[in-house]
2 protein chains.
Amino acid sequence: MAVTIKDVAREAQVHMSTVSRAFSMPHRLRPETRDRVLEAARILGYRPSRVARALTTGRTRNIGFIVADIANPFFPPMIKAAEHTARSRDHHLFIADASEDPAIEAELVDALAKQVDGVILCGPRIANAKIENLSETIPIALVNRKVTGIPSVTMDVVHGARVAIRHLLDLGHERLAYVSGPRQSWTNTQIRRTVGATAGDRGTVTVLGPNTPTEDAGMAVAAEIVRTGVTAVLAYNDLIAIGIIEGLDALGVSVPGDVSVIGIDDTVLGRLTRPRLTTINVPTADAGTAAVDLLLQYTAGDEDASRPAAHVSLPTELIIRDSTAPPRGSGS
Amino acid sequence: MAVTIKDVAREAQVHMSTVSRAFSMPHRLRPETRDRVLEAARILGYRPSRVARALTTGRTRNIGFIVADIANPFFPPMIKAAEHTARSRDHHLFIADASEDPAIEAELVDALAKQVDGVILCGPRIANAKIENLSETIPIALVNRKVTGIPSVTMDVVHGARVAIRHLLDLGHERLAYVSGPRQSWTNTQIRRTVGATAGDRGTVTVLGPNTPTEDAGMAVAAEIVRTGVTAVLAYNDLIAIGIIEGLDALGVSVPGDVSVIGIDDTVLGRLTRPRLTTINVPTADAGTAAVDLLLQYTAGDEDASRPAAHVSLPTELIIRDSTAPPRGSGS
DNA sequence: TTGAAAGCGCTAACAT
DNA sequence: ATGTTAGCGCTTTCAA
């Protein structure tokens, strides 16, 4: 609690309001005065108290960033990008991990609300209604969820899933499965709706799940995959996909020999597994950056009502690697 | 900025100081009064402003958590554990990514200093002197670094490296290499010092590097490994180890057939690569928890001086998987 | 262009 | 056991 605005004022022989201005509206000061103040501040090592500033202005210049699971490799690049972007706008980022639990997630928003200007919910697990609810208390931006009136950035998983299913179809697979993720995930719903429609009459898609988005869940579902007799599966994310491959392997089922597997997210993991994972790339870092920008822009305006909430959709792309191949006996 | 302590006071027909007490020292209130206040607060949806509270008490109940690279899989489990621990102590966590840059790291401490009670530096890249320096401004706790007078939690990499080298020696390797990490890393120094001493006259250890702790760096160093003619290498971390395996593979050198490779950290990645990575497990989540506890305990005391700084050392363990084997032609 | 003064929401002596 | 009062460090009218 060392040096305050008063110390600088005394040192620079001006009133504290002048010191304040030297930082917040430097152009409204005579250059000599401004320089004298800034110099005094430098000498004393003065940094304005963000806390005190927040109390008067009502703006904390902090952002809350809530994710379902920090340890899920999907999130770190997003967090990193968000933090860098926030910092470049002179904002700091609170990180919070909701443990895939909607109740915790909502509680986190409330807990953070008092010391942030807004909250970014990444892959929220709470219901739309609750989100609308919370957004009346505090500005919210969403990643991978669309709610009317609330700014959001989504990844075009519909396109991704479509391309993935077609890839499988083109390979000659006719019996497919979608291993779904958490029930509350918007992304999951999008994909689930897409897969059947895309297959059309070229193939059938069995939906397995819901599952927690973990490797373990993937391993656990392997037996069921075998039982259904499908020859290709699309998984909710890389973690599940990798678990499936391991589980299948343990069952003596080879990938892609017996079953083809596609993941989603294109995390580092996919390049490392053997076979290397065919997956859908989603621009997580871009999403982090976009979310921060969206929130700040939403937050900056003065009239909170009636500004149309912006939606950003980011492109996805199929990355074909080694976990997909024509079905056994397809003669290719 | 909705409901304040005054609103609650009015609603509950008491003075605002009573409301304040209902939250901070409930036992000093008559039960009926306390209940009335709490009920009023509940009805109005009141939450104390942490900002205003911080301004008066001088304690923000926030912690800064600075890491070299959020996207390095070594950190997320640590961040997650730290966040959970902090939250259970009613603290919030600022996350910041120093991009492996000492200057940014120091700047981050300064930037956060005004709105946190203390900062946790994970795998700091800044010099000891600078850390001592900063710690005069703001309480600091360290992960993977030891500085006299500053609380820290370290992983026992000396033991880990020793066991790893012995494993290699026992396998029959005599020409070893240590592929080092960032020069500023304390862990790196510890390991570097240990490897040679452990090999003693049973083998030679060539040190390669320094390197940035990334897969790319590992790939880049593969050629040099081949050139030195060593048959086994210990890498600064899993990322580099995995890069080395890839790089070696690209050069037609097989692991562990021609060269054995050991990583450090035991991140998820190591179980996924083929061959699966032999590595040293370090308890990153425990470190996150311990660091928060250490900092809060350091922060809680009233006399800042002369309290002996606590040091916590966490155990490490060699995980033998498939990337290590006897050297070619060892007859086994 | 600068100073004076009020006040952000809360806590912490100090009264009573 | 509860009310009064004085700030915490800063920004922001309002004056000058």
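Rules used throughout
Residues numbered from 1 in each chain as written. Chains lettered and ligands numbered in written order. Predicted model: local features only at pLDDT ≥ 70, side-chain atom pairs only at ≥ 80, totals over all residues. Heavy atoms only, no water. Pairing = 2+ DSSP bridges. Helix = DSSP H or I, 4+ residues; strand = E, 2+ residues; numbered from the N terminus. Axes fitted to C-alpha atoms, helices over the stretch in contact; angles between N-to-C directions. Contact = heavy atoms within 4.5 Å. Buried area = accessible area lost by both parts, 1.4 Å probe. Salt bridge = Lys/Arg side-chain N within 4 Å of Asp/Glu carboxyl O. Nonpolar A, V, L, I, M, F, W, Y, C, P; charged D, E, K, R; others polar. UniProt positions renumbered as here; feature names shortened; annotations may be inferred. Expected span 1.5 Å × (residues − 1). Buried < 20%, exposed > 50% of the residue type's maximum accessible area, 1.4 Å probe, protein only. Polar contact = N/O pair within 3.5 Å; in protein donor to acceptor, adjacent residues only side chain to side chain. Near = heavy atom within 4 Å. Parallel < 35°, antiparallel > 145°, perpendicular 65-115°, else oblique. Left-handed = near helix turned anticlockwise from the far one by under 90°.

For chain A, an unreviewed UniProt entry supplies the name LacI family transcriptional regulator and the organism Glycomyces buryatensis.

Novice: Whenever I open this one, the sheet that holds strand β5 (residues 152-155) of chain B confuses me. Can you help?
Specialist: Strand pairing in a sheet relies on backbone hydrogen bonds. The paired strands run either parallel or antiparallel. Strand order across the open sheet formed by 12 strands is β11(A)-β5(A)-β4(A)-β3(A)-β1(A)-β2(A)-β2(B)-β1(B)-β3(B)-β4(B)-β5(B)-β11(B), with mixed pairing between neighbours. Edge positions in the sheet fall to β11 (311-314) of chain A together with β11 (311-314) of chain B, since each of these pairs with one other strand and no more. Averaged over all pairs of adjacent strands, the angle between strand axes in this sheet comes to 20°, irrespective of strand direction. Helix α5 (residues 76-88) of chain A contacts β1 (62-67), β2 (92-97), β3 (118-122) and β4 (140-143) of chain A together with β2 (92-97) of chain B of the sheet and is inclined by roughly 90° relative to β2 of chain B.

Novice: Any chance you could explain the interface of chain B and chain A here in plain terms?
Specialist: How big an interface is tends to be stated in terms of accessible area lost as the parts join. Between chain B and chain A, the residue contacts involve 46 residues of the former and 46 residues of the latter. Considering only the side of chain B, the residues that lose the most area to chain A are R47, K114 and L272 of chain B, jointly responsible for 17% of the buried surface there. One can count 8 salt bridges joining chain B with chain A. Measuring nitrogen to oxygen at the nearest pair gives 3.6 Å for the salt bridge that ties K80 of chain B to D97 of chain A. Breaking the side of chain B that touches chain A down by element, the ones donating at least two residues are α4 (50-57), α5 (76-88), β2, α6 (102-113), α11 (238-250) and α12 (269-272) of chain B. Considered class by class, the residues forming the side of chain B that touches chain A number 23 nonpolar, 9 polar and 14 charged.

Novice: Before we go on, may I ask you to explain the UniProt feature "domain: HTH lacI-type" (unreviewed entry) in chain A in this structure?
Specialist: According to UniProt, the "domain: HTH lacI-type" (unreviewed entry) feature falls on residues 3-57 of chain A. Between the C-alpha atoms that bound residues 3-57 of chain A there is a distance of 20 Å. The span itself is 71% helix and 0% strand.

Novice: What's the story with helix α9 (residues 186-199) of chain A in this structure? I'm lost.
Specialist: Since the α-helix turns once every 3.6 residues, residues separated by three or four places project in the same direction. Residue and element names in this part refer to chain A. Its 14 residues give α9 an end-to-end C-alpha distance of 21 Å, which sits within 8% of 20 Å, the value for a rise of 1.5 Å per residue. Counting buried positions along α9 yields 10 of 14 residues, so the element is predominantly enclosed. For α9, the set of buried residues is W186, T187, N188, T189, Q190, I191, T194, V195, T198 and A199. Contacts made by the buried residues of α9 are with β5 (152-155), α8 (157-171), β6 (175-179), β7 (204-208), β8 (232-235) and β9 (260-265). Regarding α9, its N-cap is S185, as a side-chain oxygen of that residue lies 3.3 Å from the backbone nitrogen of T187 further along.

Novice: Quick question: what am I supposed to make of the sheet that holds strand β12 (residues 317-319) of chain B here?
Specialist: Residues and elements named next belong to chain B. Overall, mixed pairing links the 6 strands, which are arranged β7-β6-β8-β9-β10-β12 in an open sheet. Each having just a single partner strand, β7 (204-208) and β12 make up the two edges of the open sheet. Taking each pair of neighbouring strands and ignoring which way they run, the sheet shows an average axis angle of 20°. Where strand β9 (residues 260-265) meets strand β10 (residues 278-281), 4 bridges bridge the pair, whose relative direction is parallel. Note that in β10 the partner of I262 across the bridge is T278. Of the strands in this sheet, β6 (175-179), β7 and β8 (232-235) touch helix α10 (residues 215-228), which is tilted by about 150° from β7.

Novice: Can you help me understand the protein's contact with DNA strand C in this one?
Specialist: In the region of DNA strand C, 26 residues are neighbours, and T18, T33 and T56 of chain A together with I5 and S20 of chain B sit closest. Counting only atoms of DNA strand C within 4 Å of the protein, the fraction found in sugar and phosphate groups is 60%. Contacts to DNA strand C include H15 of chain A, whose backbone N or O atom sits 2.8 Å from a phosphate oxygen. Looking at side-chain class alone, the surface near DNA strand C contains 9 nonpolar, 11 polar and 6 charged residues.

Novice: It is not clear to me how the packing of helix α4 (residues 50-57) of chain A against α4 of chain B should be interpreted in this structure. Could you clarify?
Specialist: Helix-helix packing is described using two parameters, namely the angle between the two axes and the distance between the axes. For the pair α4 of chain A and α4 of chain B, the least separation of the axes is 9 Å and the interaxial angle reads 130°. On the basis of their axis angle, the class for α4 of chain A and α4 of chain B is oblique. As for the relative orientation of α4 of chain A and α4 of chain B, their crossing is left-handed in sense. Of α4 of chain B, the residues touching α4 of chain A (which contributes V51, A52, A54 and L55 of chain A) are V51, A52, A54 and L55 of chain B. A class-by-class count of the residues in the contact of α4 of chain A with α4 of chain B yields 8 nonpolar, no polar and no charged.

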